[in-house]
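Survey of secondary and tertiary structure
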Amino acid sequence: MARSLPKAITITDAAAERVKALMSKATDDMVGLRIGVKARGCSGLSYDVQYAKEKMKFDEVVEDKGVTVLIDPAAVMFLIGSEMDYVDDKFQTGFVFKNPNEKGRCGCGESFHV
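Numbering of residues begins from 1 in every chain and follows the order in which that chain's sequence is written. With the structure being a predicted model, the display of local features is reserved for residues of pLDDT at least 70 and the display and counting of side-chain atom pairs for 80 or more, all residues being used for whole-chain, interface and lining totals. The side-chain quantities take in all heavy atoms of the structure and omit both hydrogens and water.

Some remarks on the environment of glutamate 54
Per the convention used, a helix needs a DSSP run of H or I reaching at least four residues, while a strand needs a run of E reaching at least two, with both numbered from the N terminus. As for its placement among the helices and strands, glutamate 54 is situated in the loop between β3 (45-52) and β4 (60-64). For glutamate 54, a relative accessible area of 49% gives the class partly exposed. Each C-alpha atom of the pair glutamate 54 and leucine 70 lies 9.4 Å from the other, and the pair is 16 residues apart in sequence. It only takes one pair of heavy atoms within 4.5 Å for two residues to be counted as in contact. Excluding its chain neighbours within four sequence positions, the residues that come into contact with glutamate 54 are Val31, Arg34, Asp59 and Leu70. Buried means the residue's accessible area, taken with a 1.4 Å probe over protein chains only, is under 20% of the maximum for its type, while exposed means over 50%, and partly exposed covers the values in between.

So, in structure tokens, the structure goes:
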């Protein structure tokens, strides 16, 4: 009997609701959101969230709470075990990632390193 693998990331209720809201406003047919990392910022990497028109060949697919999140294959090793959340308060609004792989962040919180 094959054992199912754990999801690459977990999605909070707040993040799922925000993904649903974004998907309902998308102008084209989208399959979900794609998460990646880009070389940027003073710590080296930053999270990148975009609409996904289609699933790419090696995307990691996370389906949870009624939403689909695709993870760019080049980002999986940086994101494995992370939690995707959505915060809307007086200091910030947006997706935030609680990532156990992070070894540090820059002072502004825009980038991280592993």
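After that view of the structure, there is still more to cover.
A look at the nonpolar core
Ranked by size, the top nonpolar core spans 23 residues in total, and within it Ile9, Ile11, Ile35, Ile71, Leu79 and Met84 carry the most contacts. Broken down by secondary-structure element, the contributors of at least two residues to this core are β1 (9-11), α1 (13-25), β2 (32-39), β3, β5 (67-71), α2 (76-79) and β6 (82-88). Among the elements that take part in this core, α1 stands out by supplying four residues, more than any other. Isoleucine 35 has contacts with Ile9, Asp48, Val49, Val69, Leu70, Ile71, Asp72, Ala75, Leu79, Met84 and Phe97, leaving out every residue within four places of it along the chain. For our purposes a nonpolar core is just a set of buried Ala, Val, Leu, Ile, Met, Phe, Trp, Tyr and Cys residues, chained together by side-chain atoms within 4.5 Å.

Some remarks on the sheet that holds β1
Two strands qualify as a pair provided DSSP detects at least 2 bridges between them. In space, the three strands of this open sheet follow the order β1-β6-β7, with mixed pairing throughout. Edge positions in the open sheet fall to β1 and β7 (93-98), since each of these has one partner strand only. Along the sheet, successive strands turn relative to each other by an average axial angle of 30°, direction set aside. In terms of strand pairing, β6 meets β7 through six bridges, oriented antiparallel. Residue pairing across strands places methionine 84 opposite phenylalanine 97, the latter belonging to β7. Only C-alpha atoms enter the line fits that serve as axes; for helices the fit covers just the stretch in contact. Angles between N-to-C directions range over 0 to 180 degrees.

Re the pairing of β2
Most of β2 sits out of view: six of its eight residues are buried. As paired elements, β2 and β3 share eight bridges and run antiparallel to each other. Paired with glycine 36 across the bridge in β3 is aspartate 48. As paired elements, β2 and β5 share three bridges and run parallel to each other. Residue arginine 34 lies in a different strand from β5, and its bridge partner there is leucine 70.

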